[in-house]
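The chain contents come next:
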Amino acid sequence: QVQLVQSGSEVKRPGASMRVSCQTSGYPFFNYGVAWVRQAPGQGLEWLGWITPYNGDTQYSRKFQDRVNITADTSTNTAYLDLTSLRSDDTAIYFCARSRFYSYWFDPWGQGTLVIVSS
Amino acid sequence: QSVLTQPPSLSAAPGQKVAISCSGFNSNVVNNYVSWYQQLPGTAPKVLIYDNGNRLSGTPARFSASKSATSATLVITALQTGDEADYFCAAWDRGLSAVVFGGGTKVTVL
């Protein structure tokens, strides 16, 4: 079955960088996109961006454009989210999710990765 | 502050119906497809409805959605205790060039 399995929780210092991985399986990696969405504690959902693995094209939310980088390793069917210059308000659960080309809904989602930014 | 507006909470008794609204603007809800997600406590969101009113395979027929000129609505009929969750709407926003979400509606089954 289609699965997206993310890396484990992390604690980071303010100013540091984070990387979350999303290992996909059960579907052709090239035929779908991978999106990243985060959820701060007790808050709503916030889209960070996505990648089209077959050509590496990315699109980012303007809010994060100068700090975010999404990549995909087609040899391992894994997508990565990098976020730099971390602040305390970056503390959140980060989700990856499969997306369809020219569609703006996501299914399924990874289990989520908690990133805590604290000094 | 979320771009799309949802009521923070709704409640109803088992067997009853709830309707969750999602309002936005021309740049998102009015002119683009809306999707709906269910997030059970401690789990990742799961899509219920995509492209305004299409149920994903596996979504019970008790869940339906529609869109009017200015807003979208998710309706849950024959409410069950297992439906207690947060529900989010989402749409593409062409002005922001981003997927935007509602703030979420917590549904409580009394």
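That block above? That's the structure.
Presented here is a report on the structure given in the accompanying data block. Keep in mind the model is a prediction, meaning the values are calculated, not measured. (Residues numbered from 1 in each chain as written. Chains lettered and ligands numbered in written order. Predicted model: local features only at pLDDT ≥ 70, side-chain atom pairs only at ≥ 80, totals over all residues. Heavy atoms only, no water.)

**A look at the pattern of salt bridges**
Residues and elements named next belong to chain A. As enumerated under the stated definition, the model contains eight salt bridges over all chains in all. Measuring nitrogen to oxygen at the nearest pair gives 2.8 Å for the salt bridge that ties Asp 90 to Arg 38. Taken as a pair, Asp 90 in the loop between strand S8 (78-83) and strand S9 (92-99) and Arg 38 in strand S4 (residues 33-39) lie far apart in primary sequence, 52 residues in all. Each member of the pair, Asp 90 as well as Arg 38, carries the same accessibility label: buried. Note that Asp 90 is salt-bridged to Arg 67, the shortest N-O span being 2.8 Å. A residue pair is termed long-range when its members are at least 10 positions apart, and Asp 90 in the loop between S8 and S9 and Arg 67 in the loop between strand S6 (57-60) and strand S7 (68-73) qualify at 23 residues. (Salt bridge = Lys/Arg side-chain N within 4 Å of Asp/Glu carboxyl O. Helix = DSSP H or I, 4+ residues; strand = E, 2+ residues; numbered from the N terminus. Buried < 20%, exposed > 50% of the residue type's maximum accessible area, 1.4 Å probe, protein only.)

**Remarks on the sheet that holds strand S6 (residues 63-67) of chain B**
Backbone hydrogen bonds are what pair the strands of a sheet, in a parallel or an antiparallel way. Residue and element names in this part refer to chain B. Reading across the sheet, the three strands line up as S2-S7-S6 and stay open at both edges, with antiparallel pairing between neighbours. Bordering the open sheet on either side are strand S2 (18-23) and S6, each of which pairs with just one other strand. Mean inter-strand twist for the sheet, computed between neighbouring axes without regard to direction, equals 20°. (Pairing = 2+ DSSP bridges. Axes fitted to C-alpha atoms, helices over the stretch in contact; angles between N-to-C directions.)

**So, the state of the cysteines**
Considering all chains together, one arrives at two disulfides over all chains under this definition. What pairs with Cys22(A) in a disulfide is Cys96(A), and their sulfur atoms sit 2.1 Å apart. One quick way to see it: the torsion about the S-S bond of Cys22(A) and Cys96(A) is about 75°, and its sign makes the bridge right-handed. Highlighted residues: Cys22(A) in strand S3 (residues 18-25) and Cys96(A) in strand S9, separated in sequence by 74 residues. On the basis of relative accessibility, which here comes to 0%, the residue Cys22(A) falls in the buried class. Given the relative accessible area of 0%, Cys96(A) is considered buried. The side chain of Cys22(B) participates in a disulfide bridge whose partner is Cys89(B); the two sulfur atoms lie 2.1 Å from each other. With the S-S dihedral at roughly 80°, the linkage between Cys22(B) and Cys89(B) falls on the right-handed side. Of the two residues, Cys22(B) sits in strand S2 while Cys89(B) sits in strand S8 (residues 85-93), which places them 67 residues apart along the sequence. On the basis of relative accessible area, Cys22(B) is assigned to the buried category, the value being 0%. Exposure remark for Cys89(B): the relative accessible area of 0% places this residue in the buried category. (Disulfide = S-S within 2.5 Å.)

**With respect to the environment of Ser57(B)**
Residue and element names in this part refer to chain B. Within the element layout of this structure, Ser 57 appears in the loop between strand S5 (54-55) and S6. Judged by its relative accessible area of 73%, Ser 57 falls in the exposed class. Spatially, the C-alpha atom of Ser 57 lies 27 Å from that of Ala 13, the residues being 44 residues apart in sequence.

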